[in-house]
Every structure is written in C-alpha cells, then in structure tokens.
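Each chain is listed here by its residues.
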Amino acid sequence: MSHFTKIKTSIKNKPELVEALVLLGYDVKEDQQLTINNPNHAEDHADWYADVSIKNDIGFKLNKNTGEYELVAELDSWDLDVPIKRFVEKVTQQYARMTVHNTIKEMGFEVEEEWEMTDNSIELTVSRWT
Amino acid sequence: MPRRESIKFTIRQDGTVIETVEGVYGNACENLTRNIEEKLGEVYFREPTADQFQVVPIDLEQNVAFHQD
C-alpha cells in the first residue's frame, strides 16, 4: 500500500450531481424557477431559482463564492420520505460515487468490485495494469 | 513486467471518501490520485503506508543456480 487518504466530498460539478439524483430515483430538471408555498416567504424569495431541481420546491443552486452546489428548499413544506440532513448525505454519497466512476475511467482504470455494505457505505475497488 | 495498480474507495453514508492505493511506489502514488481528490473535495487526512518509501518494486523472484562439484 502506498497511501491512505480521507476526503470530505463537496458537490462542485453539475453532471455528477444530476447523475446522483437520477440514481436516487428523482425526476431531475435543470434551470428551474422554484415555487414558494408559504406566502410569508414569497417576498424574501421572489427570485427563487435552482440549477438542478427534483421538485418544484426542492433543488440545488450553485454558490458562486464557494463553487459548491447548495440545497434550496422550503423547510415548512419538506415532504420527501427522508429528513433533510439524510437527503443531503445520500446525494453527496452518490455524487462521490459518480465522480469516482467517471474519473477512474478517464485514467484507464476498470471497476473490479462494487459493494453496498450493511452500514450503507459503498466499497469500490478499481485497478489497471501498467 | 506488468504491474497491477489498484485503488480501493470506501464511500461512507455521509459522502466522506476513504481511498487506499496499492501497488504504486514513491511519489507516483500521490500524482495518481491528485486528480480524483481535486474533483471530490478537501483532503483532511493522509497517511503514507510502507510503499511510499520504496522507490522501485522489489523483485520477489530470483533465479539461483546450484553447482555440484
């Protein structure tokens, strides 16, 4: 073994974000104006836009200062079957998976094994001959 | 002789990625995974393992001739 690294994933690329959401079974739309359900919020969010959305009130928007995609959603009307924190984790995990898949292919690696473990982690082994 | 390079990724349920590289020697190892690490996010822990200090692979097979007078 040569090195062991831990990386905190941040969502920075739109194609892999879209792939992650599709993998999770959501109907993905791009560049949508979101709907405000709570009339009290209407004025604050007059321009409520998402680069990638899965519902008319849940999506992700690029924060141009950090270069990362952030969740935009109205907390009062959150109606997915998972809590917000878990939803973000699941999207981040699948995003990391697609980023690894796409990058290793460019580098000439092939996937040898891919397992979903009982602790919900994904184990992926890739290799190439040089 | 062809050599097998392999990378094992563990993607935790919160999206944290743990990466272990095998069969790559010396600095080539960090160069290999820099691309993936830059795309994923921020590296917050890195530990070299034994091969990091090995410059070339050790030849595990040797031919020995036995001469009997």
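Residues numbered from 1 in each chain as written. Chains lettered and ligands numbered in written order. Predicted model: local features only at pLDDT ≥ 70, side-chain atom pairs only at ≥ 80, totals over all residues. Heavy atoms only, no water.

Moving on, we come to the overall build of chain B. Helix and strand counts for chain B come out as 1 helix and 3 strands. Ordered by position in the sequence, the α and β elements of chain B form the string β-β-α-β. Buried residues in chain B amount to 41% of all 69 residues. Summarising the internal contacts of chain B: among those between residues at least 6 apart in sequence, 30% fall at separations of at least 24. (Helix = DSSP H or I, 4+ residues; strand = E, 2+ residues; numbered from the N terminus. Buried < 20%, exposed > 50% of the residue type's maximum accessible area, 1.4 Å probe, protein only. Contact = heavy atoms within 4.5 Å.)

The subject of this paragraph is the sheet that holds strand β6 (residues 110-116) of chain A. Strand order in this open sheet of 6 strands is β6(A)-β7(A)-β1(B)-β2(B)-β1(A)-β3(B), and the pairing throughout is antiparallel. Unpaired on one side and paired on the other, β6 of chain A together with β3 (41-48) of chain B mark the two borders of the sheet. Sheet twist, expressed as the mean angle between neighbouring strand axes with direction ignored, is 15°. Pairing geometry for strand β1 (residues 3-9) of chain A and β3 of chain B, over 7 bridges, is antiparallel. Opposite Ile7 of chain A, over in β3 of chain B, you have Val43 of chain B as the bridge partner. (Pairing = 2+ DSSP bridges. Axes fitted to C-alpha atoms, helices over the stretch in contact; angles between N-to-C directions.)

So, on to the confidence of the model for chain B. Residue and element names in this part refer to chain B. Looking at chain B, the pLDDT average stands at 80 and 75% of residues meet or exceed 70. Mean pLDDT across the elements of chain B ranges from a minimum in helix α1 (residues 28-40), with 82, to a maximum in strand β1 (residues 4-11), with 92. Taken over the whole predicted complex, pTM reads 0.84, whereas the ipTM for its chain interfaces reads 0.87. (pLDDT = per-residue confidence, 0-100.)

The subject of this paragraph is the interface of chain B and chain A. Residue-level contacts link 47 residues of chain B with 40 residues of chain A. Of the roughly 4,000 Å² buried between chain B and chain A, counting both surfaces, carbon and sulfur atoms make up 55%. Area buried by chain B at its contact with chain A is led by Ile11, Gln13 and Leu40 of chain B, which between them contribute 19% of it. Taken together, the links from chain B to chain A amount to 4 salt bridges. In this structure, the salt-bridge partner of Lys8 of chain B is Glu123 of chain A, at a minimum N-O distance of 3.7 Å. (Buried area = accessible area lost by both parts, 1.4 Å probe. Salt bridge = Lys/Arg side-chain N within 4 Å of Asp/Glu carboxyl O.)

By secondary structure assignment, the location of Asn120 of chain A is in the loop between β6 and β7 (122-129). What makes Asn120 of chain A partly exposed here is its relative accessible area of 42%. Spatially, the C-alpha atoms of Asn120 of chain A and Ile36 of chain A are 34 Å apart, while their sequence positions differ by 84 residues. There is a polar contact of 3.0 Å between the side chain of Asn120 of chain A and the side chain of Gln13 of chain B. (Polar contact = N/O pair within 3.5 Å; in protein donor to acceptor, adjacent residues only side chain to side chain.)

With that out of the way, let us pick up the sheet that holds strand β2 (residues 29-33) of chain A. Within a sheet, adjacent strands bond to each other through the backbone by hydrogen bonds, running parallel or antiparallel. Residue and element names in this part refer to chain A. The strand order across the open sheet formed by 4 strands is β2-β3-β4-β5, and the pairing between neighbours is antiparallel. Where the open sheet ends on each side, the last strands, each with one partner, are β2 and β5 (68-73). Averaged over all pairs of adjacent strands, the angle between strand axes in this sheet comes to 45°, irrespective of strand direction. As defined by bridge partners, β2 adjoins strand β3 (residues 49-55) across 4 bridges and the pair is classed as antiparallel.

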